[in-house]
Amino acid sequence: MEYVSSRDKGLRVSAAQAIAAGIAPGGGLFCPTEFPALSADEMQALLGMDYKGRAAHILGKFLTDFSTEELTGFAAKAYADEKFGGPDTAPVKSLADGVHMLELWHGPTCAFKDMALQMLPHLLTASLRKTGETRTCCILVATSGDTGKAALEGFADVPGTKIMVYYPVDGVSPMQKLQMVTQQGQNVEVVAIEGNFDDAQSAVKRIFTDADVIRRMNDAGCIFSSANSINWGRLAPQIAYYVSAYCDLVTTGKIAMGDPVNVCVPTGNFGNILAAYIAKQMGLPVGKLVCASNQNNVLTDFFRQGGVYDRNRPFYTTDSPSMDILISSNLERLLFYISGQNDVMVRELMEELARDGRYTLPADLRDKLAADFDAGCCDDAQTAETIRRIFETQGYLLDTHTAVAVKVYADYRARTGDSAPVIIASTASPFKFCGPVAAALGKTVDTTSVSQLDALASLTGQPIPAPLAALAGKTPRFDRVVRKDDILSTLDLLL
Ligand SMILES: *Cc1c(COP(=O)(O)O)cnc(C)c1O
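The rules behind each value
For every chain, the first residue of its written sequence is number 1, and the numbers climb from 1 along that sequence. Selection of residues for local features in this predicted model requires a pLDDT of at least 70, selection of side-chain atom pairs for listing and counting requires 80 or more, and totals for whole chains, interfaces and linings are taken over all residues. With hydrogens and water excluded, all non-hydrogen atoms of the structure serve as input to the side-chain values. Secondary structure elements follow DSSP: runs of H or I no shorter than four residues count as helices, runs of E no shorter than two count as strands, and numbering proceeds from the N terminus. C-alpha atoms define the radius of gyration in this analysis, and the globule rule sets the expected value at 2.2 Å times the number of residues to the power 0.38. Burial classes follow relative accessibility: with a 1.4 Å probe on protein chains only, a residue under 20% of its type's maximum area counts as buried, one over 50% as exposed, and anything between as partly exposed. Contact criterion: two residues are considered in contact whenever any of their non-hydrogen atoms come within 4.5 Å of each other. Here the Shrake-Rupley method, with its probe set to 1.4 Å, supplies the accessible areas, and only the displayed protein chains count as covering residues. The charge count includes Lys and Arg as positive and Asp and Glu as negative, but it does not include His or the ends of the chains. Charged groups are reduced to one reference atom each: NZ for lysine, CZ for arginine, CG for aspartic acid, CD for glutamic acid. Side-chain atoms within 4.5 Å link the members of a nonpolar core, which is a set of buried Ala, Val, Leu, Ile, Met, Phe, Trp, Tyr and Cys residues. Axis definition: a line fit to C-alpha positions, over the contact stretch in the case of helices; interaxial angles, taken between N-to-C directions, run 0 to 180 degrees. Residues are grouped as follows: nonpolar covers Ala, Val, Leu, Ile, Met, Phe, Trp, Tyr, Cys and Pro; charged covers Asp, Glu, Lys and Arg; every other residue, Gly included, is treated as polar. Any residue with a non-hydrogen atom lying within 4 Å of a molecule or strand is treated as near it. For this analysis, a polar contact is any N or O atom pair within 3.5 Å, provided that within protein one partner can donate a hydrogen and the other can accept it, and provided that sequence-adjacent residues contribute only side-chain to side-chain pairs. In summary, the pairing rule links any two rings of Phe, Tyr or Trp, Trp by its six-membered ring, whose centres are within 6.5 Å, and it sorts them by plane angle into stacked for under 30 degrees, edge-to-face for over 60 and tilted for everything else. Buried and open spaces are told apart on a 1 Å grid over the protein atoms alone, a cavity being a set of points where a 1.4 Å probe fits but cannot get out and a pocket being an open set with protein on both sides within 12 Å along at least five of seven lines. Residues with an atom within 4 Å of a point are the lining residues. Grid points are joined across faces, edges and corners, and a volume is the space filled by probe spheres set on the points. What makes a salt bridge here is a side-chain nitrogen of Lys or Arg within 4 Å of a carboxyl oxygen of Asp or Glu, nothing more. Pairing between strands is defined by DSSP: at least two bridges between the two strands are required.

*Asks:* What's the story with the overall build of the protein chain in this structure? I'm lost.
*Replies:* Scanning the protein chain from N- to C-terminus turns up 21 helices and 16 strands. Taking 23 Å as the expected radius of gyration for a compact globule of 495 residues, we find that the protein chain reaches 21 Å, a close match to that expectation. Residue burial in the protein chain is summarised as follows: out of 495 residues, 60% are buried. Contacts in the protein chain between residues far apart in sequence, at least 24 positions, make up 75% of those at least 6 positions apart. Carbon and sulfur atoms make up 49% of the accessible area of the protein chain, which totals about 17,500 Å². Positive and negative side-chain charges in the protein chain, numbering 45 and 56 respectively, have mean positions lying 1 Å apart.

Following this line, the structure appears as structure tokens:
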């Protein structure tokens, strides 16, 4: 399997090269040139496997320069029972009316980012080895809250790597911040940026393509890579859980093999839902992919108003901070595929986006989007209402991000009458967002202290995830705040 840059198909690399580099020279994203088919026989075989086996199998179809032994070993370590609280790595919990919650937050940092970021360090260090790389790999991460901690946890003290996380100073939840600033490890740095996630992500992307900076780092024996979902090694492990969830619905008799299911994903950078799109292209029986946004609804407008992507709009800080994003990086990969791998068009559209903050898709591509995707958005009040309603009627506690998806999907059903079963990606533990979750249930908690965990637990009767409980008594290690224009100066921390 070969990978090409979404902005230049002449750049062809192996999976290991794509993962080691993170982003393509010139700013494109590496994309597999084809989607491997998932046969009926394979699906049957996957039914009998555990999550680790399913993940290794799906990864093997994309990472053809990795051996089965390697991938099986990586999956065993990445998804070890002691890291995910048992063998049920990504359990499916069924609610009323054919709504199935795919819980992706049982890992060490209590958000779905663990599903990929527990795997990525294994893939990246193997990729560096395979490509003969001996320099120190400096991983730069822009985070809207959850990627940062998951990447720190995945890469802490991994030999040959250093990791630097940039988070928006006022754009993450108190729990997310506490998780990051108390991170242990000799090779980790955490910096707050005065700006929002888009500012952090754009600054990091500029560093990756700045020839002077790259030369300076190279002289110091370092190369850059990325742990954001622009890295193919982040995206590939995410495909597996959609396949796994489908298998679970079959083995528990909720659906028959071959039945179509819809998928709804609370979306920010468009990585998670793109993984579901790829699973569909491989042959997983998926109907509609419903893209759910909070008040930062640039994607809702894109899908529902004729393919105009326009980030020239207010940026809102919401109760679902990990979705507070106006430049969804992975949409670039979707454009590449729906255009029949038209790298020239993608490059032009991305240049327009960088220059004008907007672009318009050609008409024929808008129709293609509509065949696979639907979209919707809701505000904080509707999110809170949904948390309360689902808890009161079904005893199931949603976090603020997942609640956006549940609300948007209910709207989608009411609007279209589509009654197919749905897999909704449940992306974080509600205990990461105690303040707004408790408020939705009518209680105020003090979010300046870890006692918020106990407060939410006694309010809801739900157990506190062990990794969050363990934060009590940990001392913050990082307090640096820089202006977004001064981000370059922080690179010295890596040397
Ligand atoms: C990152 C994140 C999202 C958005 O996922 P994307 O892949 O960026 O679209 C949604 N919910 C939570 C809790 C997240 O951490």
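*Asks:* Help me understand the nonpolar core, please; the structure alone is not making it clear to me.
*Replies:* As a rule of thumb, soluble globular proteins bury nonpolar side chains together. Counting 116 residues, the largest nonpolar core has Leu63, Tyr242, Phe270, Phe303 and Leu334 as its most contacted members. Here this core gets 13 residues from one element, more than from any other, and that element is helix H11 (residues 232-251). Aside from chain neighbours lying at most four places away, what touches leucine 63 is Tyr3, Ala15, Ile19, Leu71, Leu123 and Trp232. Formed by 40 residues, the second largest nonpolar core is a distinct cluster that contains Cys264, Tyr396, Val437 and Ala438.

*Asks:* What is the right way to read the packing of helix H4 (residues 68-78) against helix H6 (residues 120-130) from this model?
*Replies:* When two helices pack together, their arrangement is given by the angle between their axes and by how far apart the axes lie. Between H4 and H6, whose axes approach to 10 Å, the crossing angle comes to 145°. Packed against H4, whose contacting residues are Glu70, Leu71, Phe74, Lys77 and Ala78, the element H6 presents His122, Leu123, Ala126, Arg129 and Lys130 at the interface. Counted by class, the contact of H4 with H6 contains five nonpolar, one polar and four charged residues.

*Asks:* What should I look at first to understand the site of the ligand in this one?
*Replies:* Taken together, 15 residues lie near the ligand, and Lys113, Asp146, Gly268, Asn269 and Asn272 sit nearest. At a separation of 2.5 Å, an oxygen atom of the ligand approaches a polar side-chain atom of aspartate 146. In this structure, asparagine 269 approaches the ligand through a main-chain N or O atom, which is 2.7 Å from an oxygen atom. Notes on the ligand: free accessible area 380 Å², of which the protein chains cover 98%. Of the residues belonging to the shell around the ligand, the class tally is five nonpolar, eight polar and two charged.

*Asks:* Even after reading the chapter, I still don't get the packing of aromatic side chains, so can you show me in this structure?
*Replies:* For any two aromatic rings, the description comes down to two numbers: the centre-to-centre distance and the angle of the planes. The tally for this structure, following the rule as stated, stands at 17 aromatic pairs. The interplanar angle of 50° and the centroid separation of 5.0 Å between the aromatic rings of tyrosine 241 and tyrosine 242 together place this pair among those described as tilted. Overall, tyrosine 241 belongs to the buried group, its relative accessible area being 0%. When the ring of phenylalanine 336 is compared with that of tyrosine 337, the centres are 5.4 Å apart and the planes differ by 70°; the resulting orientation is edge-to-face.

*Asks:* So what exactly am I meant to see when it comes to the layout of surface pockets here?
*Replies:* Rolled over the atoms, a probe as big as a water molecule pinpoints where empty space is left. If you add up the space inside the largest pocket, you get close to 540 Å³. Put simply, the parts of the chain that give the lining of the largest pocket at least two residues each are helix H9 (197-208), helix H14 (331-338) and helix H15 (343-356). Here the lining of the largest pocket is composed, by residue class, of eight nonpolar, eight polar and six charged. Here the second largest pocket defines a volume of roughly 450 Å³. Forming the boundary of the second largest pocket are 25 residues, of which Glu103, Trp105, His106, Pro463 and Pro465 lie nearest the centre. Taken together, the residues that form the lining of the second largest pocket break down as 13 nonpolar, seven polar and five charged.

*Asks:* Help me out: how do you make sense of the pattern of salt bridges in this one?
*Replies:* Side chains that differ in sign of charge can pair as their charged atoms come close. The final tally for this structure, using the stated rule, is 23 salt bridges. Here arginine 135 makes a salt bridge to glutamate 133, at a shortest N to O gap of 2.7 Å. Exposure remark for arginine 135: the relative accessible area of 32% places this residue in the partly exposed category. Among the residues examined, glutamate 133 registers a relative accessible area of 21% and is labelled partly exposed. Connected via shared salt-bridge partners are Glu385, Arg388, Arg389 and Glu392.

*Asks:* How do you make sense of the sheet that holds strand S9 (residues 222-226) when you look at a structure like this?
*Replies:* In a beta sheet, neighbouring strands pair by backbone hydrogen bonds and run either parallel or antiparallel. Here we have five strands laid out as an open sheet, ordered S9-S6-S7-S8-S16, and parallel in their pairing. Pairing within the sheet leaves two strands with one partner each, and these edge strands are S9 and strand S16 (481-483). Shown here is a sheet whose adjacent strand axes are inclined to one another by a mean of 30°, direction ignored. Across six bridges, the pairing between strand S6 (residues 136-142) and strand S7 (residues 161-168) is parallel.

*Asks:* Would you explain the sheet that holds strand S1 (residues 3-5) in this entry?
*Replies:* In spatial order, the strands read S2-S1-S3; together these three strands make up an open sheet with antiparallel pairing. Each end of this open sheet is capped by a strand with a single partner; those strands are strand S2 (8-13) and strand S3 (30-32). Between one strand axis and the next, the sheet turns through 40° on average, direction left out of account. With three bridges joining them, S1 and S2 adopt antiparallel strand pairing. Bridging across to S2, valine 4 finds its partner in arginine 12.

*Asks:* Any chance you could explain empty space enclosed by the protein here in plain terms?
*Replies:* Counted under the stated rule, the structure contains three cavities of 30 Å³ or more. Of the pockets and cavities examined, the largest cavity occupies roughly 240 Å³. If you go around the largest cavity, you meet 24 residues; those closest to its centre are Phe112, Lys113, Gly268, Asn269 and Ser322. For the lining of the largest cavity, the secondary structure elements donating two or more residues are helix H7 (146-155) and helix H12 (271-282). In terms of residues, the lining of the largest cavity owes the most to one element, H12, which gives three residues. In the lining of the largest cavity, the residues fall into nine nonpolar, twelve polar and three charged.

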